[in-house]
Amino acid sequence: MRKLQYVFMVLAALCFAVPVFAQSGSAAIDMAPVGVGLGMGLAAGLCGLGQGRAVGSTTEALARNPGTRAGLLMFMVIGLAFIESLTLFTFAMIIIKVK
Amino acid sequence: MTEPLFTTRLINYLFGGIAAAILRALGFHPANSALPINESFALEMVVALGLILFFLIVRLTLSVEKPNPVQQIAEMIHEFSSTQAEQVIGHGYQRFQPFVTCVFLFILLNNFMGLFPRVITPTSQPVVPLGIAALTFIYYNFHGVRVHGPFGYLKQFAGPVWWMSPLMFLIEVISHLARMMSLTIRLYANMLASDLLVLIGFSFLPVAFPVLPLALHFFVSIIQAYVFMLLSMIYLSLAVSHEH
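Residues numbered from 1 in each chain as written. Chains lettered and ligands numbered in written order. Predicted model: local features only at pLDDT ≥ 70, side-chain atom pairs only at ≥ 80, totals over all residues.

Visitor: Mind showing me how you'd approach the overall build of chain B here?
Guide: Helices and strands together make up the secondary structure of chain B, namely 7 helices and 0 strands. For chain B, the sequential pattern of α-helices and β-strands runs α-α-α-α-α-α-α. Across its three principal directions, the C-alpha atoms of chain B cover 60 × 55 × 40 Å. Considering chain B as a whole, with its 244 residues, one finds that 29% of them fall into the buried category. Across chain B, the fraction of contacts at a sequence separation of at least 24, relative to all contacts at a separation of at least 6, is 63%. (Helix = DSSP H or I, 4+ residues; strand = E, 2+ residues; numbered from the N terminus. Buried ≥ 20, exposed ≤ 12 C-beta atoms within 10 Å, placed from the backbone. Contact = placed C-beta atoms within 7 Å.)

The structure is reproduced here in C-alpha cells:
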C-alpha cells in the first residue's frame, strides 16, 4: 500500500511536470495570471476578514445602543474605506504591472 | 478606438484650438492632434458646466415663500454636507463647507457618468482623481498655514518630543504625501474595478443581467464620493485644529 502511494505521488508530480517539459524549448511560461490570482485572492480574502470584523462590531454596538447610529455609521464608512484601499492598492499594482 | 462622443467633439470644436495652442506653448504635444481635449476631460467640463448651471438656477430662483424643486434639492445637499462637516470639523466649519460640497458633487456626478452606455467614467482615469486629490492637498495645507502660521504649522509635524523631531518630521511629510496617493488610488481603482465589472456583466449576458453590476456601480459611486468628502474634511480638521 505504501509503495502504491509513492507511485501515485510520483505520477501526480509527473502529470504537472509534463507541460513544463513540453514548453522548455519555446518561450518562457507566462506566470502573471498565477501571480494575479494569488495576490488578488490573498488581498481580497484578508480584506474580507478585516471588513467583516469591522462591520460585525459596528452592528453589535448598534444593537446595544441604537442612539449612536449617525456617528457609528461615519466611523464605519471611514474604516471600511481604509481597509479596502489596501486591496485596491494591490489591484492598482496589478493593473500597472501586468499588461 | 471607438468613435468619440458628441460632447467630446463639441468641446474640441469650441476649445480644441486654444487647448492645443496652450499645450504647444508649454512644450507638450497632444496625443491625438485631431482631438487635443480627451474624452475624460471633456466629460469633466460637461459636469462642471452642469454644476455651474445648477447653482446659477438655484441662486436666481431663490425664494423663501415658494421654494421650487431645484431649491429643495440644493437645501437637501446643504443640510447633508453641513451636518457632516459640523460632526467632523466642529466649530467654524462654514468656511470649508463650499469646498467639500463641491468636491462631493463633482466626484458624484463624474462617477455617475459611467452609468450611461458608451460613456467612460472620467474618474476611472488616474489623472482625474489625482487632480482632485492634489487640489485637496493644497487646500488643507493652505488653511493649516493660514491658521497656525508657516512656522507653527511646520512645528505640528515635529511632534511633542524634541529629540525625536527629525524622524517624526520625515515620517509626517511622507504620510501627508501618501494621503494624496491614497485618495487618488482609492477613487481610481474603485471606479476602474466597477467599470470592469460592468464590462464583464455585459459580456456575460447582455440582456437584463448587467443591471446588477450597474446597480453596484451606482452604490460604489455614492460611497466613494462620500468617503472622499469625509476624508478631505478629516484632513482639514487635522490641519486647522488647535492642540489643547
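Back to the write-up after that little detour.
Visitor: Where do I start with the interface of chain A and chain B in this structure?
Guide: How large an interface is tends to be reported as the accessible area lost when its parts come together. On the chain B side, the residues contacting the 10 residues of chain A number 11 residues. Looking at side-chain class alone, the side of chain A that touches chain B contains 9 nonpolar, 1 polar and no charged residues. (Nonpolar A, V, L, I, M, F, W, Y, C, P; charged D, E, K, R; others polar.)

Visitor: Would you take a moment to explain the packing of helix α3 (residues 69–88) of chain B against helix α7 (residues 211–240) of chain B for this structure?
Guide: To characterise two packed helices, one gives the angle between the axes of the helices and the distance between these axes. All names here are of chain B. α7 packs onto α3 with a crossing angle of 40 degrees between their chain directions and a minimal axis gap of 9 Å. For the pair α3 and α7, the crossing hand works out as right-handed. Judged by residue contacts, Gln84, Ala85 and Val88 of α3 engage Leu230, Met233, Ile234 and Ser237 from α7. Here the contact of α3 with α7 is built from residues that sort into 5 nonpolar, 2 polar and no charged. (Axes fitted to C-alpha atoms, helices over the stretch in contact; angles between N-to-C directions. Left-handed = near helix turned anticlockwise from the far one by under 90°.)

Visitor: Hey, could you run me through the nonpolar core in this one?
Guide: Soluble, globular proteins show a tendency: their nonpolar side chains are buried together. Counting 45 residues, the largest nonpolar core has B:Val103, B:Ile107, B:Phe228, B:Met229, B:Met233 and B:Leu236 as its most contacted members. Those elements giving two or more residues to this core turn out to be α3 (69–97) of chain A together with α2 (39–60), α3, α4 (97–112), α5 (127–158), α6 (165–204) and α7 of chain B. It is α7(B) that provides the largest number of residues to this core, a total of 11 residues. Apart from residues lying up to four places away in sequence, B:Met233 is in contact with B:Gln84, B:Ala85, B:Val88, B:Ile89 and B:Val100. (Core = buried A, V, L, I, M, F, W, Y, C linked by C-beta atoms within 7 Å.)

Visitor: What am I meant to see in the domain arrangement of chain B here?
Guide: When the domains of chain B are assigned, the result is domain 1 (1–37) and domain 2 (43–240). On a C-alpha basis, the centres of domain 1 of chain B and domain 2 of chain B stand 27 Å from each other. (Domains from an automatic or database assignment.)

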